[in-house]
Amino acid sequence: MRLSRRTLDRLPQGVKKPDYDPARVTIGIVHLGIGAFHRAHQAVFTETILARDPSWGISGVSLRSPDTRDALQPQDGLYTLKIQDGESEQLQVIGSVVELLFAPEDPEAVLSRMADPATRVVSLTITEKGYCHNPATGTLDETHPDIVHDLEDPRQPRSAIGFIVEALARRATAGVAPFTLLSCDNLPSNGQVLNRVVTRFAELRDPALGKLARSVASPSTMVDRIVPATTDSDRDTIATALGLEDAWPIMTEPFRQWVIEDDFTLGRPAWEKAGAVFVDDVALFEMMKLRLLNGSHSTLAYLGYLAGAETVAEAMALPGMEPLIEGLMREEATPTLPPLQGFDLAAYRSDLLRRFRNPKLRHRTWQIAMDGSQKLPQRLLGTIRDRSMAGAGYERLALGVAAWMRYARGLDEAGNPIDVRDPHAARIAGLVRDIAEPEQIVDAYLTMRDVFDADLATSAPLRLALVKALTRLFEEGSAAILRAYAR
């Protein structure tokens, strides 16, 4: 039998289930990008508060694939969350997602839901590439095919930006106040970036609409939880534990963190009751997470994949990997962070290393390696810029960038093809696939000004550091380089 509202009473003891009546939950949030991370993070925070206030149910919207809708709709939106580390595990059925929509199939249903006065928050986890922006500058990419389409046909949008602006226009026409926009993606000042691209898109449609968009509340956030992709083995394990089929359970770790700027015009869920932290300015927390966790994750993923490690835990077990990552965080990234009063950065770094070692989470290096051209400006290049301005070294950071260059070239160390998932994969292949010399490869990458800002692209010390690191990767291999960091 399938997990659903009708089968909740069949769950075995020990499996936590909703402490409210799912049938009484109404929709107050539309979430664009209903993927695994949202269902392990924001949906879980929301789950905690629905017994007190059932008006904050989630309408989950997929923008690219119907897979989540097809998996969860027959389950009334219910799914299992498995929280696990090396010592224990816990199963919980989540019921906060009460509607699932697939935007390309029925854009009108999505726009109607977003324009509904009951919708007070529109949140997003669409990954960096979903913002249709230039990652180096944070501005709208006005030549992006989806943006071009949505400007020509605003009532049939494809992009998240197009959906947001059309919904705001409909609400304005109906005399309904704008919703709050809540970005939950790993972008510096993500709320500001979202407001900037939404405002510019709206201005291109209509200056008056641009003025409205500029006034929309768009608080920045910092989110953190490690969420591997679900495997068929995970599905089998959950089915055995529940005695019910769950088409798309979620695996995650015990740790979770959500820091949010408290700027909501139409009210908000009491997420603080679930452990979220509301602050006036999230920028410092955001920078800390991007530079320590995300920068380390990307470095670990590229080097680990090249060394043959399938998962993060396997990569962490490679001789030299943990000292490399610990040194990157402590010696290179931490000195670029402003003081965080009352926050123990040393303890945070130790927690990250422990989380990376978690053997129960099969977080694939290939999964983390996706979309590197969109991620590196925030995760590694900004840190390099600050180190350079301070006259300090960045050997480990440069190695992480060089490992991306080696990986994104599309061939592993044995000459086998890599399935590179990146919005610029074809462009990168055209630039570097047939070049053999590290100097020429680095020079080709540095022409990508949407990745490397002009100051970085023309930096002789950075070029030298990247050439040195990439040369070593070709001549010695990633595993040998890592061993040099072993204590």
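In what follows, the accompanying structure is described. Residue numbers run consecutively from 1 along every chain, following the written order of its sequence. For a predicted model such as this one, the threshold for reporting local features is a pLDDT of at least 70, and the threshold for listing and counting side-chain atom pairs is 80 or more; totals across whole chains, interfaces and linings nevertheless cover every residue. Note: side-chain values were computed over all heavy atoms of the structure, leaving out hydrogens and water.

**Examining the packing of aromatic side chains**
Operational definition: A pair of aromatic rings is counted whenever rings of Phe, Tyr or Trp (Trp by its six-membered ring) have centres within 6.5 Å, and the orientation is called stacked for planes under 30 degrees apart, edge-to-face for over 60 and tilted otherwise. Runs of H or I in DSSP of at least four residues are treated as helices and runs of E of at least two as strands, each being numbered from the N terminus. Buried, partly exposed and exposed residues are distinguished by accessible area as a fraction of the type maximum, computed with a 1.4 Å probe on protein chains only: under 20%, between the cut-offs, and over 50%, respectively. Criterion for a charge above a ring: Lys NZ or Arg CZ within 6 Å of the ring centre, and within 35 degrees of the ring normal.
Here the structure, examined in full by the defined rule, presents 9 aromatic pairs. An angle of 45 degrees between the planes, with centres 4.6 Å apart, marks the rings of Trp258 and Trp271 as tilted. Placement of the pair is Trp258 in strand S12 (residues 257-261) and Trp271 in the loop between S12 and strand S13 (277-279), with a sequence separation of 13 residues. Given a relative accessible area of 1%, Trp258 falls into the buried group. On the basis of relative accessibility, which here comes to 2%, the residue Trp271 falls in the buried class. Sitting above the plane of the Phe278 ring, Arg268 keeps its charged end 3.6 Å from the centroid.

**Regarding the pattern of salt bridges**
For clarity, the threshold we go by: Put simply, a salt bridge is a Lys or Arg side-chain nitrogen that is within 4 Å of an Asp or Glu carboxyl oxygen.
Summed over all chains, the structure comprises 34 salt bridges. In this structure, Glu166 engages Arg170 in a salt bridge whose closest nitrogen and oxygen atoms are separated by 3.0 Å. Separated by 4 residues within a single helix, Glu166 and Arg170 lie in helix H6 (residues 160-173), roughly one turn from each other. Here Glu166 falls in the buried class, since its relative accessible area comes to 2%. Between Asp351 and Arg354 there is a salt bridge; the shortest N-O distance is 3.5 Å. Residue Asp351 and its partner Arg354 are located together in helix H13 (residues 345-356), separated by 3 residues, close to a single helical turn. Since its relative accessible area comes to 30%, Asp351 is described here as partly exposed. Among the residues examined, Arg354 registers a relative accessible area of 45% and is labelled partly exposed.

**Topic: the packing of helix H10 (residues 283-306) against helix H12 (residues 321-333)**
Threshold: Angles run from 0 to 180 degrees between N-to-C directions of axes, and those axes are lines fitted to C-alpha atoms, restricted for helices to the stretch in contact. Crossing handedness is defined as follows: a turn of the near helix away from the far one that is anticlockwise and smaller than a right angle gives a left-handed crossing, while the clockwise case is right-handed. Whether two residues are in contact is decided by their heavy atoms: any pair within 4.5 Å suffices. When residues are sorted by character, Ala, Val, Leu, Ile, Met, Phe, Trp, Tyr, Cys and Pro go into the nonpolar class, Asp, Glu, Lys and Arg into the charged class, and all the rest, Gly among them, into the polar class.
The geometry of H10 relative to H12 is characterised by a closest axis approach of 10 Å and an angle of 145 degrees between their N-to-C directions. For the pair H10 and H12, the sense of crossing is right-handed. Between H10 and H12, the contacting residues are Arg291, Leu292, Ser296, Thr299, Leu300, Leu303 and Gly304 on the first element and Met321, Leu324, Ile325, Leu328, Met329 and Ala333 on the second. In terms of residue class, the contact of H10 with H12 is made up of 9 nonpolar, 3 polar and 1 charged.

**Description of helix H8 (residues 207-214)**
Since one α-helical turn is 3.6 residues long, residues separated by three or four positions face the same way. What counts, and what does not: What the arc measures is the spread of directions leading from the helix axis to the C-beta atoms.
Taken residue by residue, H8 has Leu209, Gly210 and Ala213 as its buried positions. Projection of H8 onto a plane perpendicular to its axis shows the buried side chains occupying an angular sector of 105 degrees, all on one side. Pointing more than 90 degrees away from the buried face of H8 are the exposed residues Pro207, Ala208 and Lys211. In this structure, the buried residues of H8 make contact with H6 and helix H7 (190-205).

**What to know about the sheet that holds strand S4 (residues 89-94)**
The condition that has to hold: Any two strands with at least two DSSP bridges between them are considered paired.
Strand order across the open sheet formed by 3 strands is S4-S3-S11, with mixed pairing between neighbours. Whereas interior strands pair on both sides, the edge strands pair on one side only; in this sheet they are S4 and strand S11 (250-252). Strand after strand, the sheet turns through a mean of 20 degrees between neighbouring axes, direction not considered. Relative to S4, strand S3 (residues 79-84) runs antiparallel, the two sharing 6 bridges. Counterpart to Gln84 in the pairing with S4 is Glu89. On top of the sheet, helix H2 (residues 42-49) reaches S3 and S4; it is set at about 75 degrees to S4, its chief contact. Across the sheet, helix H9 (residues 232-242) lies against S3, S4 and S11, angled at about 100 degrees from S3, the strand it touches most.

**Focus on the environment of Tyr79**
Residue position: Tyr79 is located in strand S3. Judged by its relative accessible area of 0%, Tyr79 is buried. Sequence separation of Tyr79 and Asp246 is 167 residues, and the distance between their C-alpha atoms is 6.5 Å. Residues within four places of Tyr79 in sequence aside, it is in contact with Leu3, Arg39, Ala43, Leu72, Gln92, Val93, Ile94, Val97, Asp246, Trp248 and Ile250.

**Comments concerning the sheet that holds S13**
Within the open sheet, the 3 strands sit side by side as S10-S12-S13. Their pairing is mixed. The sheet terminates laterally at strand S10 (221-224) and S13, the two strands that pair on one side only. Across the sheet, the axes of successive neighbouring strands diverge by a mean angle of 15 degrees, strand direction being ignored. By the bridge criterion, 3 bridges tie S12 to S13 in an arrangement that is parallel. The residue of S13 that forms the bridge with Val259 is Val277.

**Some words on the nonpolar core**
Within soluble globular proteins, side chains that are nonpolar generally end up buried alongside one another. As a reminder, the rule being used: By nonpolar core is meant a set of buried Ala, Val, Leu, Ile, Met, Phe, Trp, Tyr and Cys residues that side-chain atoms within 4.5 Å join together.
Ranked by internal contacts, the top residues of the largest apolar core, which has 74 residues, are Met321, Trp404, Tyr445 and Phe452. Counting residues per element, this core draws most heavily on helix H16 (residues 395-408), at 10 residues. Dropping the residues within four chain positions of it, Phe452 is found in contact with Leu381, Val401, Trp404, Met405, Tyr445, Leu446 and Ala457. If you look at the next biggest cluster of nonpolar residues, it comprises 36 residues, including Val30, Ile126, Val197 and Phe201.

**A few points about the pairing of strand S6 (residues 121-124)**
What you see with S6 is no split at all: Val121 and Ser123 on one side and Val122 and Leu124 on the other are buried throughout. Pairing of strand S1 (residues 27-32) with S6, which is carried by 4 bridges, proceeds in the parallel orientation. Residue Ile29 lies in a different strand from S6, and its bridge partner there is Val121. Relative to strand S9 (residues 180-183), S6 is paired through 4 bridges, and the arrangement is parallel. The residue of S9 that forms the bridge with Val121 is Thr180.

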